[in-house]
Amino acid sequence: MSKYMQLTVDVRPFYEKGLKATYPKLARSLIHAKAIKDYDDPALYDLVAKWDKLLYALDGDPQVKDILFKQKEKLKALYSEIESLIADRKLSEADNALYKIEDIFEDIEYDLAGL
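Calculation notes
Residues numbered from 1 in each chain as written. Predicted model: local features only at pLDDT ≥ 70, side-chain atom pairs only at ≥ 80, totals over all residues. Heavy atoms only, no water. Helix = DSSP H or I, 4+ residues; strand = E, 2+ residues; numbered from the N terminus. Buried < 20%, exposed > 50% of the residue type's maximum accessible area, 1.4 Å probe, protein only. Lys, Arg positive; Asp, Glu negative; His and termini not counted. Salt bridge = Lys/Arg side-chain N within 4 Å of Asp/Glu carboxyl O. Contact = heavy atoms within 4.5 Å. Phe/Tyr/Trp six-rings, centres within 6.5 Å; stacked < 30°, edge-to-face > 60°. Core = buried A, V, L, I, M, F, W, Y, C linked by side-chain atoms within 4.5 Å.

A. Highlighting the side chain of Glu109. Of note, Glu109 is situated in helix 7 (residues 91-113). The side chain of Glu109 sits in the buried core without any salt bridge; Lys25 is the nearest counter-charge, 5.8 Å away. Once residues within four sequence positions are removed from consideration, Glu109 is found in contact with Tyr23, Pro24, Lys25 and Leu26.

B. Spotlight on the packing of aromatic side chains. Tallying each qualifying case throughout the model produces 3 aromatic pairs. Seen from their ring centres, Trp51 and Phe105 are 5.7 Å apart, and the 85 degrees between their planes marks the pair as edge-to-face. Placement of the pair is Trp51 in helix 4 (residues 51-57) and Phe105 in helix 7, with a sequence separation of 54 residues. Owing to a relative accessible area of 1%, Trp51 belongs among the buried residues under this scheme. Among the aromatic residues, those joined into a cluster by ring pairs are Tyr23, Trp51 and Phe105.

C. Structural context of the environment of Gly18. Relative to the elements of secondary structure, Gly18 occurs in the segment before helix 1 (19-22). Classification of Gly18 by relative accessible area gives buried; the value is 8%. For the pair Gly18 and Asp40, spaced 22 residues apart in sequence, the C-alpha to C-alpha distance is 8.6 Å.

D. Summary view of the nonpolar core. Judged by nonpolar contacts, the single largest core of 33 residues is most densely connected at Leu68, Ile101, Phe105 and Ile108. A per-element tally of this core places helix 7 first, with 7 residues. What Leu68 contacts, discounting residues up to four positions off in sequence, is Leu26, Trp51, Leu55, Leu58 and Ile108.

E. Structural context of the pattern of salt bridges. Summed over all chains, the structure comprises 3 salt bridges. Note that Asp59 and Lys65 form a salt bridge whose closest N and O atoms lie 2.3 Å from each other. The exposure class of Asp59 is partly exposed, given its relative accessible area of 43%.

F. Unusual backbone geometry, seen in detail. Backbone geometry at Lys34 places phi at a positive 60 degrees, although glycine is not the residue there. As for its placement among the helices and strands, Lys34 is situated in the loop between helix 2 (24-32) and helix 3 (44-49). Of note, Arg89 is a non-glycine position whose phi angle comes to about 60 degrees, a positive value. When you line up the elements, Arg89 lands in the loop between helix 6 (72-87) and helix 7. Judged by its relative accessible area of 45%, Arg89 falls in the partly exposed class.

Take it as geometry only, folks, not as evidence of what the structure does.
Next up, the structure:
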C-alpha cells in the first residue's frame with residue numbers, strides 16, 4: 001500500500017428510474033418515517049449499513065418494521081460478508097452477494113405489497 005494513497009472500492013446505486021420506482025412500497029415507508037429524504041436514492045448496500053436506524057425510524061409503523069426486522073440477520077450477515085470480500089479484493093464474489101441483497105429487497109417489497 002502506498003504511504004499517502006489508497007485504493008478503495010465503492011458500492012454505488014444504479015437504478016434505472018430511482019429507488020422510488022424500483023421499490024415503491026419500501027421507499028414510501030422510509031420517506032414517511034423520515035428515514036430517507038424524498039430525493040434520496042441510496043444504494044441497498046448503504047441501507048443495510050444503517051438497518052438499525054431504519055428500524056428505529058419505523059417505530060410508528062409496526063407492520064413495516066416487522067417485515068424489515070425479519071430480514072435483519074440475513075442482511076447484516078451479507079453486509080459483513082461483502083465487506084470482507086471487498087477487503088480481500090474478491091469483487092466477483094462480492095457482486096454475487098450484492099445480488100442476494102437485491103433478492104431480499106424484492107422479498108421485502110413483495111411483503112409490503114400485502115399490507
